[in-house]
Amino acid sequence: MSSIKEIQQELIEEFSMFDDWMERYEHMIDLGKSLPLIDPALKSEDKLIKGCQSKVWLHSELKDQHIVFTADSDAIITKGIVAILIRVFSNQTPEAIVQADTKFIDEIGLKEHLSPTRANGLVSMVKQMKLYAIAYQAQLNQ
């Protein structure tokens, strides 16, 4: 299994292959389309991420001391953003997620090419994933 840093490096290399941001957006949309479908029962109010302009549902569960994230969004770009974050953080330990930096987001130029509301949503998604990780970490350390 790849580490968070290895996956981030893969994403940086992947996005660097595209010459312009339209191609990068298209790639992001494709990543969003590849997201596994979330169980419709999980599209509940308590799974919505606060701070996102569009609706983003994020679910997490602990399996073999690794967090598995599933998500969905009603907006294609946002779905692509959450797909990137899931690729980085899903199937990682709570500790690795809590300690992970997110500089790769700047390195692929994501934040600077998003509208301010989408950039805020991105920050909210990362924050929520880290909050889940902190909760699972506390649970494991009991």
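Every chain is numbered independently, its residues counted from 1 as its sequence is written. Where local features are concerned, this predicted model is filtered to residues with pLDDT of at least 70; where side-chain atom pairs are given and counted, the filter is 80 or more; whole-chain, interface and lining totals use all residues. Neither water nor hydrogens contribute to the side-chain values; these are computed over all heavy atoms in the structure.

Turning our attention to the pattern of salt bridges. It is possible for side chains bearing opposite charge to pair when their charged atoms get close. Salt bridges are counted wherever a side-chain nitrogen of Lys or Arg sits within 4 Å of a carboxyl oxygen of Asp or Glu. Scanning all chains against the criterion turns up 6 salt bridges. Here R87 ties to E14 by a salt bridge, and the two come within 2.4 Å at their closest N and O atoms. Of the two residues, R87 sits in helix α3 (residues 76-89) while E14 sits in helix α1 (residues 4-16), which places them 73 residues apart along the sequence. Buried, partly exposed and exposed residues are distinguished by accessible area as a fraction of the type maximum, computed with a 1.4 Å probe on protein chains only: under 20%, between the cut-offs, and over 50%, respectively. Taking the relative accessible area as the measure of exposure, R87 reaches 27% and is therefore partly exposed. E14 sits in the buried class, given a relative accessible area of 17%. What you see here is one network of salt bridges that share partners, running through K5, D101 and K103. Think of it this way: any DSSP run of H or I at least four residues long counts as a helix, any run of E at least two long counts as a strand, and we number them from the N terminus.

A few words now on the packing of aromatic side chains. Note on aromatic contacts: the rings of Phe and Tyr and the six-membered ring of Trp form a pair at centre separations within 6.5 Å, being stacked when their planes are under 30 degrees apart, edge-to-face when over 60 apart, and tilted otherwise. Enumeration according to the criterion identifies 2 aromatic pairs in this entry. Seen from the ring of W57, K43 lies directly overhead, with NZ or CZ sitting 4.9 Å from the centre. Ring-over charges, as used throughout, are those where CZ of Arg or NZ of Lys falls within 6 Å of the ring centre and within 35 degrees of the ring normal.

It is worth spelling out the pairing of strand β2 (residues 66-73) at this point. Taken across its 8 residues, β2 has 6 buried, putting it largely inside the fold. Bridge count between strand β1 (residues 56-63) and β2: 8 bridges; the pairing is antiparallel. Bridge pairing links W57 to D72 in β2. Strand pairing requires that DSSP identify at least two bridges connecting the strands. Counting the residues in the hairpin turn of β1 and β2 gives 2 residues, including D64, whose phi is positive at 50 degrees.

Read these as spatial facts, not as claims about activity.
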